[in-house]
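If you want the building blocks of each chain, they are given just below.
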Amino acid sequence: MRMRILRPLLGIILIVLSVLALLWWENTGREQLLMSSVMVAKENIQRGTIIGEQNFVEINNISESTIPGSITPKSFYKIKGLVAKQYIPKLSQVIPKMFMKKDKILLEGNSIFPIKDVWIDSRSSSLRKGDTIDIFDESGQCYVGTFPIAYVKDSNEQEVVGTEGNHSEEVLQRDFSSSIISRVEIITSLEEYKKIWELAEKQSMKLLLIQKGENIYE
């Protein structure tokens, strides 16, 4: 009598387990077994950009289309804080050799060039060495380029830094500075700097320096 009851019950349990296994496979199992997580560019990344979590997004990708050595969430630490050596299109996978340390950015034909105070129409008072800026014309319509900052100087050629122990990397937490910013020095190639010089000197274009902050609205 007991076996007559148990057999149908076991059959029902097996059917339910089979259905649950099928649902798991279709919803997450296939993804977990056949796909892997990789980091891809959230937006276009310009050469010279200092890399942080805000520049990338995690996606699931099939193994056949994953680049060997591609950066994953677990290996992202290998490129965090480094500088992009090349232009990286949106949604591209990346590998470590696409990046280099900040102190080696002057290699490959780059140098340090000043953005004179008389060229600047507007810029943030929180700019610091190591930041990245987008440069536009004063109307904000003409994009000039994206550049890492080598130095922020005052009128006495002294580096502008945080005071009162305020050396935060967060833009909105930089409440105090050692002095007033006069000019900004960027890292770029001579060819790129010539373009900026011609716009500022020959065309008398005033420049708008837009700071690229991290998590500034959180």
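Draft legend 1. Expanded view of the confidence of the model for the protein chain. Put simply, the protein chain has an average pLDDT of 78, and 71% of its residues get 70 or more. When pLDDT is averaged over each element of the protein chain, helix H2 (residues 190-202) comes out on top at 92 and helix H1 (residues 2-34) at the bottom at 62. The low-confidence segment residues 214-218, where pLDDT is below 50, has six contacts with residues more than four positions distant or belonging to other chains.

Draft legend 2. Broad picture of the nonpolar core. One finds Ile115, Leu127, Ile135, Ile196, Leu207 and Leu209 to be the most contacted residues of the largest nonpolar core, which totals 22 residues. Mapped by element, the contributors of at least two residues to this core are strand E5 (110-115), strand E7 (132-137), strand E8 (143-153), strand E9 (183-189), H2 and strand E10 (207-211). With sequence-adjacent residues up to four places away left out, Leu209 is seen in contact with Ile120, Ser122, Arg123, Ser124, Leu127, Ile133, Asp134, Ile135 and Val184. Counting residues in hydrophobic clusters, the runner-up holds 15 residues, among them Met39, Ala84, Val94 and Phe99.

Draft legend 3. Quick look at unusual backbone geometry. The phi torsion at Leu91 lies on the positive side, around 70°, for a residue other than glycine. Tracing the backbone shows Leu91 in the loop between strand E3 (83-84) and strand E4 (99-100). One non-glycine residue, Ser204, adopts positive backbone phi at about 55°. Among the residues examined, Ser204 registers a relative accessible area of 56% and is labelled exposed.

Draft legend 4. Structural context of the packing of aromatic side chains. Under the counting rule described, the total for this entry stands at four aromatic pairs. Plain terms: the ring middles of Phe56 and Phe76 are 5.6 Å apart, the flat faces sit at 70° to each other, and that makes the pair edge-to-face. With Phe56 in strand E2 (residues 56-62) and Phe76 in the loop between E2 and E3, this residue pair connects regions lying 20 residues apart in the sequence. Note on accessibility: Phe56 and Phe76 belong to one class, buried. Aromatic rings pair up to connect Phe113, Trp119 and Tyr193 into one cluster. Positioned above the aromatic ring of Tyr151 is the side chain of Lys153, whose terminal nitrogen or guanidinium carbon lies 5.2 Å from the ring centre.

Draft legend 5. Main features of the pattern of salt bridges. Overall, the coordinates contain six salt bridges when judged by the stated rule. Here Lys90 and Glu43 are joined by a salt bridge, their closest N and O atoms 4.0 Å apart. Taken together, the residues span a long stretch of sequence, with Lys90 in the loop between E3 and E4 and Glu43 in the loop between strand E1 (35-41) and E2 at a distance of 47 residues. Taking relative accessible area as the criterion, Lys90 reaches 45% and is therefore assigned partly exposed. The partly exposed category is assigned to Glu43, whose relative accessible area is 46%. Residue Lys195 is joined to Glu192 by a salt bridge in which the shortest nitrogen-to-oxygen separation is 3.3 Å. Pair noted here: Lys195 and Glu192 are both in helix H2, with a separation of three residues, about one helical turn.

Draft legend 6. Representation of H2 in the model. Counted at 1.5 Å a residue, the expected span for H2 with its 13 residues is 18 Å, and the 17 Å between its end C-alpha atoms agrees. Those residues of H2 that fall on the buried side of the exposure criterion are Tyr193, Ile196, Leu199 and Ala200. Buried positions in H2, seen along its axis, are confined to an arc of 125° and lie on one side of it. For H2, exposure combined with an orientation more than 90 degrees from the buried face picks out Glu191 and Lys202. Buried residues belonging to H2 abut E5, E7, E8, E9 and E10. Two residues or fewer past H2, Ser204 is found with a positive phi of approximately 55°.

Reading the values: rules and limits
- Residues numbered from 1 in each chain as written.
- Predicted model: local features only at pLDDT ≥ 70, side-chain atom pairs only at ≥ 80, totals over all residues.
- Heavy atoms only, no water.
- pLDDT = per-residue confidence, 0-100.
- Helix = DSSP H or I, 4+ residues; strand = E, 2+ residues; numbered from the N terminus.
- Contact = heavy atoms within 4.5 Å.
- Core = buried A, V, L, I, M, F, W, Y, C linked by side-chain atoms within 4.5 Å.
- Buried < 20%, exposed > 50% of the residue type's maximum accessible area, 1.4 Å probe, protein only.
- Phe/Tyr/Trp six-rings, centres within 6.5 Å; stacked < 30°, edge-to-face > 60°.
- Lys NZ or Arg CZ within 6 Å of the ring centre and 35° of its normal.
- Salt bridge = Lys/Arg side-chain N within 4 Å of Asp/Glu carboxyl O.
- Expected span 1.5 Å × (residues − 1).
- Arc of directions from axis to C-beta.

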